[in-house]
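Structural features, examined
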Amino acid sequence: MDRLARLVAALGGIVIFSVAVAVMISVIMRNFGLRGLRGDFELVEMSCAFAAGLFLPLCQLTRGHVMVDLFTNWLPQGIRAGIDWIWLLCFALAWAALCYLTLQGLLQVRSYGDRTMLLAIPVWWSYAPAVLGFGAASLIALSQAFLLPAAAGDQAGR
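Residues numbered from 1 in each chain as written. Predicted model: local features only at pLDDT ≥ 70, side-chain atom pairs only at ≥ 80, totals over all residues. Heavy atoms only, no water.

Some thoughts on helix H1 (residues 2–31)
The periodicity of an α-helix, 3.6 residues per turn, causes residues three or four places apart in sequence to face the same way. With 30 residues, H1 extends 43 Å between its outermost C-alpha atoms, agreeing within 8% with the 44 Å of an ideal straight helix rising 1.5 Å per residue. Within H1, the full set of buried residues consists of Ala5, Val8, Ala9, Gly12, Val19, Ala22 and Ser26. The secondary structure elements touched by the buried residues of H1 are helix H2 (40–61) and helix H4 (128–146). Phi for Gly33, located one or two positions after H1, is positive at around 80°. (Helix = DSSP H or I, 4+ residues; strand = E, 2+ residues; numbered from the N terminus. Expected span 1.5 Å × (residues − 1). Buried < 20%, exposed > 50% of the residue type's maximum accessible area, 1.4 Å probe, protein only. Contact = heavy atoms within 4.5 Å.)

Right, dumping it as structure tokens:
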């Protein structure tokens, strides 16, 4: 799961880096009185959607979500672990639901044939990384809920 999360995040990083280079080139061209790259703002919009979806699995892997443990810090470790397990299942189900619903949205937008205004990029392309990200985040949350506790228990027994 670690490799999956890092690979998907690396794809997001490549997208962001590539678009940052394209925007930099466009700005430099404009400063020299040339026309900037056509549709550079469309590339920025699409890359934000791509990266947001592609960074989700790594966020789940590192448990980088906002957690409020103000009310549970005083509880025994076993009870806190149980609460964390329930929340991992909730995250897995929520990611799976978002994956399914986003896939349905992708299929619907694809059937419309909508394209961006200047570059004529199919709009449904921006949904695909989110489907991948939600699906991978769901798998990671499930593995955290069912595989990691067993491994932690094995370590405690040694």
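Here we look at the packing of H1 against H2
Viewed as axis vectors pointing N to C, H1 and H2 meet at an angle of 155°, and their least axial separation amounts to 8 Å. On the basis of the axis angle, H1 is roughly antiparallel to H2. Remark: the crossing between H1 and H2 carries left-handed chirality. Across the contact of H1 with H2, the residue classes tally to 17 nonpolar, 4 polar and 4 charged. (Axes fitted to C-alpha atoms, helices over the stretch in contact; angles between N-to-C directions. Parallel < 35°, antiparallel > 145°, perpendicular 65-115°, else oblique. Left-handed = near helix turned anticlockwise from the far one by under 90°. Nonpolar A, V, L, I, M, F, W, Y, C, P; charged D, E, K, R; others polar.)

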